[in-house]
Every structure is written in C-alpha cells, then in structure tokens.
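# Examination of the molecular architecture
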Amino acid sequence: MLELASVFANEWMKLMRRKRMWVAAVLGAFVVGLFALSTYHDHQEQLRYNSPSAWQQQVATLKQDIAQQKAQKMTDQTKAQIQADNQQIKSLQGQIAAYQNGNENWRQNVRDEITQTKQDEKMAAAEHDSTTMSMDQGSLLRLNYQLAHDVPPLVPGEQSAYQEFTSFISVATQIFLPLLAVILVADMVSGETTSGTIKLLLIRPVSRFKILFGKWLASMAATAALTVAVCVALLLVGCGILGTGGAKLPELVGTRYTFVQQPQQSGQVVNTGPAQLDPVAHYAHTLILPEWQFVVYGILLTTLAMLVVATIAFLCSALFKSAMASTAVALGVVIIGGISVSFVHSKVVVALFPTHLNLFSNWTGALAEQLKMSVTLTTGLVVLAAWGIVCLIASLLYFTRKDVLNA
Amino acid sequence: MSVLTLEHVSKTIGRRLIVDDVNMAVEPGEVYGFLGPNGAGKTTTIRMIVGLIRPTKGSIRVMGHDISRDRRAALSHVGAIVENPETYSYLTARQNLVHYARLAGIPHAKRRIEEVVDLVGLTGRVDDKVKRYSLGMRQRLGVAQALLANPKLLVLDEPTNGLDPAGIREFREMIRNLAQGGMSVLVSSHLLSEIQMMCDRVAILKGGRIIAQRSVSSLVDGTASAAMIRVSNENAAVRVLKDRQWDAEVSAAHVIRVRTDGSAIPKLIRDLVRAEIDIYAVEPARESLEEAFLELTDDKLASSSSTPAGGVANA
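Computed from a prediction, not measured in an experiment: that's the story for all the values here. (Residues numbered from 1 in each chain as written. Chains lettered and ligands numbered in written order. Predicted model: local features only at pLDDT ≥ 70, side-chain atom pairs only at ≥ 80, totals over all residues. Heavy atoms only, no water.)

With that settled, the discussion passes to a nonpolar patch on the surface. All names here are of chain A. Where nonpolar side chains cluster on the molecular surface, the patch consists of Leu-319, Phe-320, Val-329, Val-333 and Tyr-398 and spans about 360 Å² of accessible area. Of note, Val-329 is situated in helix α13 (residues 323-343). Classification of Val-329 as partly exposed rests on a relative accessible area of 31%. (Patch = residues over 30% accessible without salt bridge, like charges linked within 9 Å, V, L, I, M, F, W, Y side chains within 5 Å. Areas by Shrake-Rupley, 256 points an atom, 1.4 Å probe, with all protein chains shown as cover. Salt bridge = Lys/Arg side-chain N within 4 Å of Asp/Glu carboxyl O. Helix = DSSP H or I, 4+ residues; strand = E, 2+ residues; numbered from the N terminus. Buried < 20%, exposed > 50% of the residue type's maximum accessible area, 1.4 Å probe, protein only.)

This is the structure:
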C-alpha cells in the first residue's frame, strides 16, 4: 500500500510538471470559452426575438394580417387563418402578461395544461397511439411535479443554463473531453519509453504491477480533476450568462423505452419501406430529479465516461513504444470511433464505448430513442466498465511481462 | 558469498539466441568488466541482471536473491545506469532523486539525497531543472541516483559514453573508490583501455557467449608476448633468426619484433650476437588488453558475422 502511494506521488509529481498537462488545461479553457461565446450569442438572439417588445411587434403584425384577411372575400381558408392568428395573439399576450407579472398565474396555466394533456392522452388512447400516450404521461408527471413541489416554469423568454449545459455536454463528450483525456494520458508509459526513463523506473525494488497501477491511478485522478473542472466551469459560465433560473424544474430519468410499429391509420399511404418504430415510454422506474441535481449527477457520470476513455488511451501508451504513436492511435480510436458510431446503423454500436460517452442521454432515454433500442443508464455503465476493465487488465498483463529491449 | 551470480543464463528473442549459457560471478569489492564487440550480448545480459529483461533460461542471483522470483529483495541491492542516464529533464535534480528515493523506500531520504549530491559534486545546482544540465552533470546525476539506495552492486552499462577525458578520469577514480569501500561494480564498455584501467576481472563476450573470463593482469601477461629489438640491420637480423626457427619480423626501421616468452630472450640475444648483429636495445613488447582482446575474438570474426546475434542486444 505504501509502495503504491509512493508510485502515485511520483506519477502525480511528473504529471503536473509535464507540458501535456498545460496543453490539456489550455484546451479545456478554450472549450469553456467556446461555450461562453456561443451561449452569449444565443442569448442575445433570444433577447432580440423573444422579449416583450418583440412579442408586441409580432402581435401588431398578426393584427395587420387579420385586417388584410378580413378585407378579402371570406372563404373557409381566410376564416381558418384569422382563427389561427387570433390564437397566436392570445398566446403572445399571455406571454407578455406572464413576463410582466413574473409568472404570477403559473399554477392556473399548469392546471390548464394538465387538463389539455389529459384530453390529448384520451384521444391518443382511442386511436391506440401508445407513443403519444406515453409522451403525454411524461408531460403529466412533469406538470404534477411542478404543482406538488411549487416549481414555477421559466418566465417566457428565459433560458435554462442547465439545459444549455446538457446540450453542450452531448457534443463535448463526443470530441472535446475525450481529446483532453487522451492528451493527458496517452503518453503516460510511452513517454517514458521514448525518453528512456522507463529503464531507471523499472529497476527499483517495486513490482511492475505497482508501477503501472500507480501510473493508472494518477492518470485517472488527473482526468477526473480536469473533467470536473471543465464541467463546473461550463456550468458556472452558463449560469453567469443565463442566470440560475430553472434549477428546480423536473427532469425525468431512468425511463424505459420499448419500440412498437405504429398501426396504419386509415387514409395513409401504405408504407412499403422499412418498419417505422416509435418509442413507447414506461415510467415504472422513472425518477424525477430537479435540474441542478440531474446536472451534478450528470457531471459525475461524464467523469466516469472520461475515465474509460483515459483507460483506453492508457492501454495505447503501454502498447506502443513511441509517445507520438500512442497518442495518434488513442486519438484515432476516440475520434474515428466517435464518428463511426453515429454512422453505423447496427445493433453492434451498443457494445461500443463511444456510444455511451454522453451518459446524460443514456439516463434521460434520448439515446434509446436515437438507437431505437432499449438502452438504459445501466447498459451504458456496464459497457463502459467492460471496456475500462479489459483495457486496464490488458495493459497490466502486457506491461508486467514485456522485456525492455530498447528504450 | 558472491554479490552477483549468473548460472546458465540464456536469452532467446524470437529465434535469435542473444545470450548463450553465460556463467559468471562478481565478488564483493570487485570491479568486473564486460568486454565485447557490438552485438555480443553485453547490454542484454546487463538488462537481465537489473530485471528489465527476463532470462529464457538460467538463474540470476543478487546477494542470493533470485531476480525473477524475489525481485524486490534482489533489486534493493542494485544501483544502475543502463546506457545513457536518462532522468526526467522537466524536473529538478532534487525532484529526480526524491522520485527514485520514494521507489527505493529509503529512510531519511532527505539526508541521503544531500549525501549523494555532495558525493557526485552537484551541490548548488541540485534545484536546477535537469534540462539545463551539461552531459557531464547529467552523468553525475545518473551516478547519484544509482548510489542513492547504498547498493551492494553497481551496474554500469557504457558509463563513460559522452564524457570528456577529464570526466572519464574522474569517473574512473570514483569507481575505484567505491570498490575500495566494498561495493561491487559491473562495468561494460567498448573502451578497452577503460576496462583495463578500471577492472579487476574481465569477461570477454562474443556472439552471446563468454569466451574468456580472467583477471585483467593475467590476461595481459598470459598471452604470447614479444621482444622488440633495435638492431643495425633489421633485414639481416630477421633472416638470421628465421634460419634458427625464431618467429621474427621487421617492425620498423632498425626494429624487429620476435614472438617469444621472456625466458627465451637470453638465447635470442646470443643467437644475434653470434651472427654478428649489433644490438642497441632489447625491450619486452607487453601486449595490451586490446591486442589480447582482438586476438581472442579475431579468429571467430569471420563466423560471427553470420551468427544471428547481431544488433538486437546492443540497441
């Protein structure tokens, strides 16, 4: 134990003083900057098109349109148009009112929405449309949660920093964060082989197993620290720009999905293509979490996923002698893997690690809907754990046996 | 008890036999030299001794501990520089030494680090990053890390590579001092004169085998020596001597070289005097280790180029 602690202390000392650490940190800061820029830009756009003054203008335009329609000869079409316009005006005015009184009447609005959703659900049930039914059930869970826990919806025009964060994370976990993990870890062993220092490291009275395991632990610690730091910075930047509104809004996680072929509706052209599968949600295992909690757990899950990427990079560093080669291969695996998963339409992708890097989407069911397969958070964790354990064992087996011939 | 023993040690890589049945022992306080042309298996053998390469056959023991089975106990007695002393250039010398001290589990590491730093003369520069060190200073840092754990056996693979003559001389003195203090040293070098000046015993490797293992002095004395004789007429002298069954040749103007051992020299002089050859000087031509080495390996040179041992071991 003491020896392992010594190895860890050594590896941490080296890791913190290598150039790669700083490259990774600077790239991490760059990612955060990118997020800040795009969020700020979005927010400005949002303010321009989604503010009371913008809505007033839209109301005015709609009124003009109604006047124009009325001037023409009345047909069914113009009548429908006027009705639609009026509805839109009503909703816009509702938004303006809500904005001005700070969501005073949100309870009533939520209750109205519940009634509406219940009607929708009944209609869907009558049509045996299980997809819509299950979606409505989900909405009801959310709405009832808001009433029960006294959580008002976002004020119209308000953006949730948490949602911006989770949507950015889905991109970041595919490329940015794995890149950082690879840069940090992909030369942990090969760097020492390239420089020749591995020789003086392996002639100590410490087993190779402990040396490599200590190196792995230090890699994991550094990857976790960097991932958490970047995620927290992203979240803080998001909250700084968009405010902390929506922290308590509900997020449904752990929902199970099955997929059904929707019944052909009368009047529809008979579909001759491949069977169209639609998701049906089942809420038996669903948890309802406030957004902030969802995001905190999500950051932990993202960190876990990055540890697996780092372990794969670590294996590359143990297998290849040159730091350049191991980094290149690790980058290739992560980037090409990430891209190919989005292209390949086969059940095989479930077993590939890049599929599960964004565990947020495993948890919410977005991944299940995308793959049209019943993929849960547990699936993702099992697949990632399998990759991590296999890579760690492979690197340990190879490293403890190999002869250091030329380093 | 021997500090280091190798028994029937062989190493095969792929189908190549790199090291072939090597047996040797290093005694306490002895400086033992490894000598051989490139590709003879020196580096491979040294790497097996320090646990970087696993022997295919045979056993290696340090202070009685088998390196494969009891690695920790064996390596705790070994300090080494394997080829160039690569240390972490982005760390300071002190950080490097702290790093190795942690792995060696040295008690009172701080004090021991100060001691070795003083010993190799790096005091005052110890908190500089190693990348700002000259080659000689890096070599000293390499020695410092090797001595850190007070090893019973110091293994040095080509230690004087890249050192200037003053550095080599300094290094040699340090090795002799360490050996006088009871430490055993195993040195490999391609500099034959180095081995000759540093070592007590030497093993000559060729094609993965030890072809000779002797004390340096016996290696020098034991081989056929010769007499160099300054004469008035070298051609006449050689003719006279060849008539009388001597192995003689012209070495330079007015100098002939006669292969003989010391006891036959009076008879040789009598023969020359009888033939009325004027003798100005007679001196023994004691062959250097280099000549002995070449002599030992020479007749096998032709076959060695076709043996499959080349390259790998010396990388």
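Anyway, onward from the coordinates.
We now examine the sheet that holds strand β4 (residues 57-62) of chain B. Residues and elements named next belong to chain B. Overall, antiparallel pairing links the four strands, which are arranged β2-β1-β4-β5 in an open sheet. Every other strand in the sheet has two partners, leaving β2 (16-26) and β5 (65-66) as the edge strands with one partner each. By the bridge criterion, five bridges tie strand β1 (residues 4-13) to β4 in an arrangement that is antiparallel. Following the sheet pairing, Leu-6 is matched in β4 by Ile-60. Along the sheet, helix α1 (residues 42-49) makes contact with β1, β2 and β4, crossing β1 at roughly 120°. (Pairing = 2+ DSSP bridges. Contact = heavy atoms within 4.5 Å. Axes fitted to C-alpha atoms, helices over the stretch in contact; angles between N-to-C directions.)

According to the domain assignment, chain B consists of domain 1 (4-77 + 151-221) and domain 2 (224-286). One C-alpha centre belongs to domain 1 of chain B, the other to domain 2 of chain B, and the line joining them spans 40 Å. (Domains from an automatic or database assignment.)

Residue and element names in this part refer to chain B. Interaxial distance between helix α3 (residues 93-104) and helix α5 (residues 135-147) falls to 10 Å at its minimum, and their mutual angle equals 25°. Here α3 is positioned roughly parallel relative to α5, judged by the angle of their axes. In terms of crossing hand, the pair formed by α3 and α5 is right-handed. Residues Ala-93, Asn-96, Leu-97 and Tyr-100 of α3 lie in contact with α5, whose contacting residues are Leu-141, Ala-144 and Gln-145. Taken together, the residues that form the contact of α3 with α5 break down as five nonpolar, two polar and no charged. (Parallel < 35°, antiparallel > 145°, perpendicular 65-115°, else oblique. Left-handed = near helix turned anticlockwise from the far one by under 90°. Nonpolar A, V, L, I, M, F, W, Y, C, P; charged D, E, K, R; others polar.)

What follows deals with the interface of chain B and chain A. With 30 residues of chain B at the interface, the matching set in chain A holds 33 residues. At the boundary of chain B with chain A, total buried surface from both sides reaches about 3,000 Å², with 56% on carbon and sulfur atoms. The largest per-residue losses of area from chain B upon contact with chain A belong to Leu-52, Arg-102 and Leu-103 of chain B, which jointly make up 24% of the total buried on that side. The shortest N-O distance in the salt bridge between Lys-199 of chain A and Glu-86 of chain B comes to 3.2 Å. There are 18 residue pairs in polar contact (both at pLDDT 80 or more) connecting chain B and chain A. Put simply, the parts of the chain that give the side of chain B that touches chain A at least two residues each are β1, α2 (71-75) and α3 of chain B. Ranked by the residues each element gives to the side of chain B that touches chain A, the list is headed by α3 of chain B, at seven residues. When its residues are assigned to classes, the side of chain B that touches chain A shows 15 nonpolar, seven polar and eight charged. (Buried area = accessible area lost by both parts, 1.4 Å probe. Polar contact = N/O pair within 3.5 Å; in protein donor to acceptor, adjacent residues only side chain to side chain.)

This paragraph deals with a positive patch on the surface. A contiguous patch of positive charge, built from Arg-17 and Lys-19 of chain A together with Lys-129, Lys-131 and Arg-132 of chain B, is present on the exposed surface. Structurally, Arg-17 of chain A is set in helix α1 (residues 2-17). (Lys, Arg positive; Asp, Glu negative; His and termini not counted. Charge placed at Lys NZ, Arg CZ, Asp CG, Glu CD.)

Taking 1.5 Å per residue as the helical rise, α3 of chain B with its twelve residues ought to reach 16 Å, and the 16 Å between its terminal C-alpha atoms agrees with that figure. Those residues of α3 of chain B not exposed but buried are Ala-93, Gln-95, Asn-96, Leu-97, His-99, Tyr-100, Ala-101 and Leu-103 of chain B. Of the surrounding secondary structure, the elements contacted by the buried residues of α3 of chain B are α1, α10 (197-202) and α11 (208-242) of chain A together with α4 (109-120) and α5 of chain B. Two residues or fewer after α3 of chain B comes Gly-105 of chain B, characterised by a positive phi angle close to 65°. (Expected span 1.5 Å × (residues − 1).)

Moving on to unusual backbone geometry. Residues and elements named next belong to chain B. Even without being a glycine, Met-63 presents a positive backbone phi close to 50°. For Met-63, the position within the fold is in the loop between β4 and β5. Phi at Glu-83 is positive, roughly 50°, even though this residue is not glycine.

What follows is about the packing of aromatic side chains. All names here are of chain A. All told, the structure shown has 13 aromatic pairs over all chains when counted by the stated rule. Both rings, one in Phe-168 and one in Phe-176, keep their centres 6.3 Å apart while their planes meet at 25°; by these two values the pair is stacked. The rings of Phe-165, Phe-294, Tyr-297, Phe-360 and Trp-363 are connected pair by pair, giving a single aromatic cluster. (Phe/Tyr/Trp six-rings, centres within 6.5 Å; stacked < 30°, edge-to-face > 60°.)

Turning next to the pattern of salt bridges. One pass over the structure, following the stated rule, counts 28 salt bridges over all chains. For Arg-176 of chain B, the salt bridge identified is with Asp-200 of chain B, shortest N-O distance 3.2 Å. Highlighted residues: Arg-176 of chain B in helix α6 (residues 165-180) and Asp-200 of chain B in the loop between α7 (192-198) and β9 (201-206), separated in sequence by 24 residues. For Arg-176 of chain B, a relative accessible area of 25% translates into the label partly exposed. We classify Asp-200 of chain B as partly exposed; its relative accessible area is 28%. Note that Arg-257 of chain B is salt-bridged to Glu-249 of chain B, the shortest N-O span being 3.7 Å. Since its relative accessible area comes to 16%, Arg-257 of chain B is described here as buried. For Glu-249 of chain B, a relative accessible area of 41% gives the class partly exposed. Shared partners join several salt bridges into a network, and the residues in it are Glu-11, Lys-14, Glu-192 and Lys-215 of chain A.

Let us look at the sheet that holds strand β8 (residues 184-189) of chain B. Residues and elements named next belong to chain B. If you trace the six strands from one edge of the open sheet to the other, you get β6-β7-β8-β3-β9-β10, paired in mixed fashion. The open sheet terminates on both sides in strands that have one partner only, identified here as β6 (78-81) and β10 (209-215). Averaged over neighbouring strand pairs, the angle between their axes works out to 15° when direction is ignored. Along the sheet face, α1 touches β3 (31-35), β7 (153-157), β8 and β9 and points at about 150° away from the line of β7. Packed on one face of the sheet, α6 meets β3, β7 and β8 and runs near 155° to β7.

It is worth spelling out the nonpolar core at this point. Counting 153 residues, the largest nonpolar core has Phe-165 of chain A together with Leu-4, Met-24, Leu-154, Val-155 and Leu-186 of chain B as the members making the most contacts within it. The element that contributes the greatest number of residues to this core is helix α12 (residues 291-319) of chain A, accounting for 15 residues. Those residues within four positions of Val-155 of chain B in sequence are excluded, and the remaining contacts are Ile-46, Ile-49, Val-50, Val-78, Gly-79, Ala-80, Ile-81 and Leu-186 of chain B. Within the second largest apolar cluster, 17 residues are counted, among which are Ile-229, Ile-256, Val-258 and Ile-277 of chain B. (Core = buried A, V, L, I, M, F, W, Y, C linked by side-chain atoms within 4.5 Å.)

Right, let's talk about the side chain of Ser-184 of chain B for a bit. Residue and element names in this part refer to chain B. Mapping Ser-184 onto the fold places it in strand β8. The exposure class assigned to Ser-184 is buried, which follows from its relative accessible area of 0%. Here Glu-27 takes part through its backbone oxygen, which lies 2.9 Å from a polar atom of the side chain of Ser-184. Apart from the residues within four sequence positions on either side, Ser-184 is in contact with Val-3, Val-26, Glu-27, Pro-28, Gly-29, Glu-30, Lys-152, Leu-153 and Leu-154.

Residue and element names in this part refer to chain A. The interhelical angle for the contact between helix α2 (residues 19-49) and helix α7 (residues 161-172), taken along N-to-C directions, is 130°, at an axis separation of 12 Å. Taken as axis vectors, α2 and α7 run oblique relative to one another. Once α2 is placed against α7, the crossing between them reads as right-handed. From α2, Val-31, Phe-35, Thr-39 and Asp-42 reach across to α7, where they touch Glu-164, Phe-165 and Phe-168. Tallied by class, the residues present in the contact of α2 with α7 amount to four nonpolar, one polar and two charged.

Turning to the state of the cysteines, a few remarks are in order. Linking two cysteines covalently via their sulfur atoms produces the bond known as a disulfide. All names here are of chain A. Evaluated as defined, the whole model comprises zero disulfides over all chains. Not part of a disulfide, Cys-239 finds its nearest cysteine sulfur in Cys-231, a span of 13 Å. Here Cys-391 is not disulfide-linked; the sulfur of Cys-316 is the nearest cysteine sulfur, at 7.7 Å. (Disulfide = S-S within 2.5 Å.)

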